[in-house]
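As a plain string of letters, each chain reads:
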Amino acid sequence: MPDSTSPKPIQQSDIQQDYDFLQAQKVSEKMLSLGLISLSEFNKLTEINRKTFSPFWVEIMPKIP
């Protein structure tokens, strides 16, 4: 079996990155729900959060409009 199809082991740092991403997204969602930011700004923050925290499954997340 080629290396590219081998499962990637999950590390503690992967779990921390996912947690940090989810926390950042919760803040962004709350700001959106309170009307503090627009949908466009929320989408930009989501993109920044994905780049900054690089969630474990980022490759399969839906595209940001």
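This text follows the structure it describes.
The rules behind each value
Residues numbered from 1 in each chain as written. Predicted model: local features only at pLDDT ≥ 70, side-chain atom pairs only at ≥ 80, totals over all residues. Heavy atoms only, no water. Helix = DSSP H or I, 4+ residues; strand = E, 2+ residues; numbered from the N terminus. Buried < 20%, exposed > 50% of the residue type's maximum accessible area, 1.4 Å probe, protein only. Contact = heavy atoms within 4.5 Å. Areas by Shrake-Rupley, 256 points an atom, 1.4 Å probe, with all protein chains shown as cover. Expected span 1.5 Å × (residues − 1). Arc of directions from axis to C-beta. Salt bridge = Lys/Arg side-chain N within 4 Å of Asp/Glu carboxyl O. Axes fitted to C-alpha atoms, helices over the stretch in contact; angles between N-to-C directions. Parallel < 35°, antiparallel > 145°, perpendicular 65-115°, else oblique. Nonpolar A, V, L, I, M, F, W, Y, C, P; charged D, E, K, R; others polar.

Caption draft 1: Structural view of the overall build of the chain. Assigned secondary structure in the chain consists of 2 helices and 0 strands. Counting the 65 residues in the chain, one finds 20% classified as buried. Relative to all contacts within the chain whose residues are 6 or more apart in sequence, the contacts with residues 24 or more apart total 44%. Counting every atom, the chain has about 5,200 Å² of accessible surface; 62% of that belongs to carbon and sulfur.

Caption draft 2: Region of interest: helix α2 (residues 39–53). Look at α2: 21 Å from first C-alpha to last across 15 residues, which is about the 21 Å you get at 1.5 Å a residue. The set of residues buried in α2 consists of Phe 42, Asn 43, Thr 46, Asn 49 and Arg 50. Summarising the axial view, the buried residues of α2 lie within an arc of 120°, below the 170-degree limit, and thus occupy one face. In α2, the exposed residues that point more than 90 degrees away from the buried face are Lys 44 and Lys 51.

Caption draft 3: Quick peek at the pattern of salt bridges. Counted by the stated rule, this structure contains 1 salt bridge. The salt bridge partner of Glu 47 is Lys 51, with a shortest N-O separation of 3.5 Å. Here the residue Glu 47 and the residue Lys 51 both occupy positions in helix α2, the gap between them amounting to 4 residues, near one helical turn. With a relative accessible area of 64%, Lys 51 lands in the exposed category.

Caption draft 4: Quick peek at the packing of helix α1 (residues 12–33) against α2. Between α1 and α2, whose axes approach to 10 Å, the crossing angle comes to 170°. Relative to α2, α1 is oriented roughly antiparallel. Between α1 and α2, the residues in contact are Gln 17, Asp 20, Phe 21, Ala 24, Gln 25, Ser 28, Glu 29 and Leu 32 and Leu 39, Phe 42, Leu 45, Thr 46, Asn 49, Arg 50, Thr 52 and Phe 53, respectively. Residue composition of the contact of α1 with α2, grouped by class: 7 nonpolar, 6 polar and 3 charged.

Caption draft 5: Region of the structure containing α1. For α1, built from 22 residues, the straight-helix expectation of 32 Å at 1.5 Å per residue is met to within 8% by its first-to-last C-alpha distance of 32 Å. Within the span of α1, buried status applies to Asp 14, Phe 21, Ala 24, Gln 25 and Ser 28. The arc enclosing the buried residues of α1, seen along the axis, measures out at 105°, which places them on a common side. Pointing more than 90 degrees away from the buried face of α1 are the exposed residues Gln 12, Lys 26, Lys 30 and Ser 33. Of the residues trailing α1, Gly 35 is marked for its positive phi of about 80°.

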